[in-house]
Amino acid sequence: MERLKWSRYNFLWNSKKYGKLLYNSYTNGFLQLDDSLFQDLNTISKNDYDSHNQIFSEDELQYFKDNFILVKNEEVLVEQMHHESMHRIYDKKHLVLTVAPTQYCNFNCSYCYEKWRMPGSMSDETENALIRHLENQKQKCGLETLSLTWYGGEPLIEYKRIKSLGERINKLGINIIENEIITNGYLFDAKRVQILVDLGVEQVQITLDGFKEVHDNRRPLLNGDGTFDRIIKNLDHFYAGEHKDKMTIALRINIDKSNKSTYLDIYKWLNERYPFEKFVVYPGWIHLDENDEKKCDCFTRNEATDFCLELCKNHGIISEKLYPDDINMECLVRNPNSMIVGWQGEIYKCYEDLGNEKLVVGNLHEKDIWTNHELIAKYAIGIDHYQDSECRECSYLPICHGGCPLRRLENKYEGKSNDCCTPFKGRLEDFLELQYERFVQQNEQ
């Protein structure tokens, strides 16, 4: 007789508001149960393998097997997930490309992690080298799709280079499935907006840290002048113009304990000022090096989760996904082909590595563009969470994605103790009950 057991990916609980619930992280499935079925499953979850044979019909057993509620061996599932992860990492048909046409920035943010910032602009030679690389990837590796991000420093300082390079990338015949720019918003004027629209940029990430007094203190110009008024003026002009429906503005509010009390007010103010479908406000969590004296102001994972859950419960604001993502993904640093290209043609794997000569993994001007194979291997394989015994046995593994690869790298090779776990860990029931509540409300409307 086939031996099945209760899957460690099951989460079974009795909700005070919504009754008996079952979630499975492997399938990302969510069920409401009647009392009898709940009791039977609860019994199985606490007993040995074969107790289900006396409880369920053949059809019921088949359903539980098909939905991985009862399983033979979770290690097989882990290996399947690991195999799919490796397939994504080594996929040469898709490229995640970030281009920093300059590392120079006109801001002097108090928490900026770009410690190696220097002036300089991308040359024609570097632009040509990047285009040659993309053409080579298309011809020799079958590159079909591209996720493109413009980054800096402040990329809009080099808007002419963005225009030149962007137009040439668009002519390569590679399907650009994502096209975004990360900017501080200070130079987001009509001229540059038109260039971005013409290039097919679909999303613009801009950062505010609160109202004028808070924001200007944390994100001033290099000369110390404020930046809030100029950013708001640029947003006003954008949403009064003809292109407001062509790009989504993702407005990130970087928060820590020092400015968290302002988030709700600035969130409401911004959404009232820009009541458009393609306008999104969300929190960003500041992360500082453990040696930084301001690190104590940063949120822990659970503090950030508490913050998001309170916003949802008390104000109906969704700032963190309530339901786990059923699309597995890998951070660009883990794909050996993906790259962040600096203005001199140097290549990095992580945004936070930009400008640090010690973390350069290659250069577009070299015959063999990849040089630091050790760091590439550490990111792709060395920190693979599927090879971590604790992660392999974790019930949240299918919905975790391993957390930030850079933080895992710091933990393994630098002895740090970053919390890399998913926000759902230990809080899944809270998230799912809020999701269930919204589902019920929508069906009642």
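The model shown is predicted, which means the values in this text are computed figures rather than measured ones.

(A) Looking closely at helix α14 (residues 405–414). Those residues of α14 that fall on the buried side of the exposure criterion are Pro405, Leu406, Arg407, Arg408, Leu409 and Glu410. If you follow the buried residues of α14, they end up packed against α11 (373–382) and α12 (389–392). Two residues or fewer past α14, Gly415 is found with a positive phi of approximately 75°.

(B) The sheet that holds strand β12 (residues 339–341), seen in detail. Pairing is mixed in the open sheet, where nine strands are placed in the order β11-β10-β9-β8-β7-β6-β12-β13-β14. Among the strands making up the open sheet, the edge pair consists of β11 (279–285) and β14 (362–363). Relative to strand β9 (residues 203–208), strand β8 (residues 175–182) is paired through three bridges, and the arrangement is parallel. Within β9, the residue paired with Ile182 across the bridge is Gln205. Sheet strands in contact with helix α4 (residues 124–141) are β6 (94–99) and β12, and its direction is about 175° off that of β6.

(C) Highlighting the sheet that holds strand β2 (residues 10–15). Pairing in this open sheet of three strands is antiparallel, and the strands run β2-β3-β4 from one edge to the other. Either end of the sheet is taken by a strand with one partner, and the two such strands are β2 and β4 (29–33). Ignoring which end each strand starts from, the neighbouring axes of this sheet average 20° apart. Relative to β4, strand β3 (residues 19–24) is paired through five bridges, and the arrangement is antiparallel. Bridge pairing in β4 places Lys20 opposite Leu33. Contacting β2, β3 and β4, helix α15 (residues 428–444) crosses the sheet at an angle of about 65° to β2.

(D) Layout of empty space enclosed by the protein. One pass over the structure, following the stated rule, counts one cavity of 30 Å³ or more. Roughly 40 Å³ of internal volume is contained in the largest cavity. Together, 10 residues line the largest cavity, and Arg88, Glu330, His385, Tyr386 and His401 are the ones closest to its centre. Looking at the lining of the largest cavity, the elements that each hand over two or more residues are α3 (74–89) and α13 (397–400). When grouped by side-chain class, the residues that make up the lining of the largest cavity number four nonpolar, four polar and two charged.

(E) Expanded view of the pattern of salt bridges. Scanning all chains against the criterion turns up 31 salt bridges. The shortest N-O distance in the salt bridge between Glu330 and Arg88 comes to 2.9 Å. With Glu330 in the loop between α10 (301–315) and β12 and Arg88 in helix α3, the pair connects residues that are 242 residues apart, well separated along the chain. Residues Glu414 and Lys416 are paired through a salt bridge, measuring 3.8 Å at the closest nitrogen-oxygen approach. Among the ionic contacts, a cluster of salt bridges with common partners joins Lys5, Arg8, Glu74, Glu75, Glu79 and Arg392.

(F) Spotlight on the packing of α11 against α14. Where α11 meets α14, the closest approach of the two axes is 10 Å, and the angle between their N-to-C directions is 100°. In terms of orientation, α11 lies roughly perpendicular with respect to α14. Across the interface between the two elements, Leu375, Lys378, Tyr379 and Gly382 from α11 touch Pro405, Leu406, Leu409, Lys412 and Tyr413 from α14. Here the contact of α11 with α14 is composed, by residue class, of six nonpolar, one polar and two charged.

(G) Here's a closer look at the side chain of Arg301. Its place among the elements puts Arg301 in helix α10. If sequence neighbours within four positions are ignored, Arg301 has contacts with Asp419, Cys421, Thr422, Pro423 and Lys425.

(H) Focus on the packing of aromatic side chains. Within the structure shown, the criterion is met by 29 aromatic pairs. Judged by centre distance (6.2 Å) and plane angle (45°), the ring pair of Phe11 and Tyr23 falls under tilted. One end of the pair, Phe11, is in strand β2; the other, Tyr23, is in strand β3, with 12 residues separating them in the sequence. With 6.0 Å between their ring centres and 75° between their planes, Phe107 and Tyr186 make a pair best called edge-to-face. Linking Phe107 in the loop between β6 and α4 with Tyr186 in the loop between β8 and α6 (190–199), this pair joins segments that are 79 residues apart in sequence. Of the two residues, Phe107 and Tyr186, both sit in the buried class. One aromatic cluster in this structure is built from Phe11, Trp13, Tyr18, Tyr23, Phe30, Tyr323, Tyr396, Tyr436 and Phe439.

(I) Focus on the nonpolar core. Counting 88 residues, the largest nonpolar core has Leu97, Trp150, Ile169, Phe188, Met247, Ile249 and Leu270 as the members making the most contacts within it. Here the element with the most residues in this core is helix α8 (residues 228–240); it accounts for six residues. Contacts of Phe188, omitting those with residues within four sequence positions, involve Leu156, Val193, Leu196, Val204, Ile206, Asn234, Phe238, Met247 and Ile249. In this structure, Tyr18, Leu309, Cys394 and Leu434 belong to the second largest nonpolar core, which totals 17 residues.

(J) Region of interest: the layout of surface pockets. Volume-wise, the second largest pocket comes out at about 450 Å³. Around the second largest pocket, the lining is made up of 23 residues, and of these Asp388, Glu390, Cys391, Arg408 and Cys420 lie nearest the centre. If you list the elements that add at least two residues to the lining of the second largest pocket, you get α11, α12, α13 and α14. The dominant element in the lining of the second largest pocket, judged by the number of residues it contributes, is α14, at three residues. When the residues that make up the lining of the second largest pocket are grouped by side-chain class, the tally is nine nonpolar, seven polar and seven charged.

Criteria and thresholds
All residue numbers refer to positions counted from 1 along the written sequence of the respective chain. Per-residue local features of the predicted model are confined to residues with pLDDT of at least 70, and side-chain atom pairs are confined, for both listing and counting, to 80 or more; whole-chain, interface and lining totals are unaffected and use all residues. In computing side-chain properties, one takes all heavy atoms of the structure into account and sets aside hydrogens as well as water. Per-residue accessibility, obtained with a 1.4 Å probe over protein chains only, is compared with the maximum for each type, and a residue is labelled buried under 20%, exposed over 50%, and partly exposed between these values. Think of it this way: any DSSP run of H or I at least four residues long counts as a helix, any run of E at least two long counts as a strand, and we number them from the N terminus. Residues count as neighbours in contact if any of their non-hydrogen atoms are within 4.5 Å of one another. Here, a strand pair is defined by DSSP locating no fewer than two bridges between the strands. Axis lines are fitted to C-alpha atoms, over the contacting stretch for helices. Their N-to-C directions set the angle, which ranges from 0 to 180 degrees. Site definitions follow a grid-based scheme: protein atoms alone, a 1 Å grid, a 1.4 Å probe that fits but cannot get out for cavities, and for pockets an open set with protein on both sides within 12 Å along at least five of seven lines, plus lining residues having an atom within 4 Å of a point. Grid points are joined across faces, edges and corners, and a volume is the space filled by probe spheres set on the points. Amino acids outside the nonpolar list (Ala, Val, Leu, Ile, Met, Phe, Trp, Tyr, Cys, Pro) and the charged list (Asp, Glu, Lys, Arg) are all regarded as polar, and Gly is one of them. Salt bridge criterion: a side-chain nitrogen from Lys or Arg within 4 Å of a carboxyl oxygen from Asp or Glu. An angle below 35 degrees is read as roughly parallel, one above 145 as roughly antiparallel, one from 65 to 115 as roughly perpendicular, and any other as oblique. Think of it this way: a Phe, Tyr or Trp ring, Trp meaning its six-membered ring, pairs with another when their centres are within 6.5 Å, and the plane angle makes it stacked under 30 degrees, edge-to-face over 60, tilted otherwise. The definition of a nonpolar core used throughout is a set of buried Ala, Val, Leu, Ile, Met, Phe, Trp, Tyr and Cys residues joined through side-chain atoms within 4.5 Å.

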